[in-house]
Structure formats: structure tokens, C-alpha cells
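These are the residues of each chain, in order.
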Amino acid sequence: MDRKKQRPQVKKANRFFLYILACSTVGVVLGGTASWAESNRCWLADSPSKQCITQSPLMSTIQGMSTGLIAGMGAGLGATWQMKRDE
């Protein structure tokens, strides 16, 4: 009987963890893609800015990915907190 009571909580914890992981992954992909596209657009401009010339496109993409990770984690945590509150 005690085991049956623990199972739903484990499933809920896994569901919340997976939700945060999925949001973080989407954030990394979107952040990296947006930064990569922005760096390409910067290079194709008529007169590229100093930042465009000095910053590596790889570093720009990594910065975008890390920002996306933080934003995705925040969104996932906020969403799971709201779901827990509603239950």
C-alpha cells in the first residue's frame, strides 16, 4: 500500500523534470539559431559593425545558446511551478 502512494509522486517528479528539460533544450536551439542568423545578417550588411568584425560567430552562437538555456529553464520552472500550484 505504501508503494502505491509513492508511485504517483515519482511520476509527477519525472514529468516536471522532463518538462524543464524540454523547455531548456528548446531554449538552447532557438537561442543558438537566432544568434547564428544574427551573425550571418551582420556579415551581409553593407557596412559591418566593429562588434561584427571582432566577435567570432561561434562565440556569438554559444552566447545565444547559453542565454536560451537560461530562458528555457526559467520558462520550464515557471510552468512547472504553475502546474504544481494548480494541482
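Residues numbered from 1 in each chain as written. Predicted model: local features only at pLDDT ≥ 70, side-chain atom pairs only at ≥ 80, totals over all residues. Heavy atoms only, no water.

K.L.:
Explain a nonpolar patch on the surface to me, using residue names and the numbers behind them.
P.N.:
A cluster of nonpolar side chains, namely Leu58, Met59, Ile62 and Met65, defines an oily patch on the protein surface of about 370 Å² accessible area. Turning to its location among the elements, Ile62 is positioned in helix 3 (residues 57–86). For Ile62, a relative accessible area of 42% corresponds to the partly exposed category. (Patch = residues over 30% accessible without salt bridge, like charges linked within 9 Å, V, L, I, M, F, W, Y side chains within 5 Å. Areas by Shrake-Rupley, 256 points an atom, 1.4 Å probe, with all protein chains shown as cover. Salt bridge = Lys/Arg side-chain N within 4 Å of Asp/Glu carboxyl O. Helix = DSSP H or I, 4+ residues; strand = E, 2+ residues; numbered from the N terminus. Buried < 20%, exposed > 50% of the residue type's maximum accessible area, 1.4 Å probe, protein only.)

K.L.:
Break down the side chain of Ser39 for me, with residues and values.
P.N.:
For Ser39, the location among the structural elements is in helix 1 (residues 2–43). Its relative accessible area of 10% is what places Ser39 among the buried residues.

K.L.:
Would you mind going over the confidence of the model for the chain in detail, with residue names and values included?
P.N.:
Confidence in the prediction of the chain, expressed as mean pLDDT, is 84, and 87% of residues score 70 or more. The element-level mean pLDDT for the chain is lowest in helix 2 (residues 50–54), coming to 80, with helix 3 highest at 91. (pLDDT = per-residue confidence, 0-100.)

K.L.:
Mind laying out the pattern of salt bridges, listing which residues take part and the relevant values?
P.N.:
Where side chains of opposite charge bring their charged atoms close, a pairing between them can arise. Evaluated as defined, the whole model comprises one salt bridge. For Arg41, the salt bridge goes to Glu38, with nearest N and O atoms at 3.2 Å. In this pair, Arg41 and Glu38 both sit in helix 1, three residues apart, roughly one turn of the helix. Looking at Arg41, the relative accessible area reads 57%, which means it is exposed.

K.L.:
Describe the packing of aromatic side chains, with residues and values.
P.N.:
For the structure on display, the rule yields zero aromatic pairs. Here the basic side chain of Arg15 rests over the ring of Phe16, its NZ or CZ set 5.0 Å away from the ring centre. (Phe/Tyr/Trp six-rings, centres within 6.5 Å; stacked < 30°, edge-to-face > 60°. Lys NZ or Arg CZ within 6 Å of the ring centre and 35° of its normal.)

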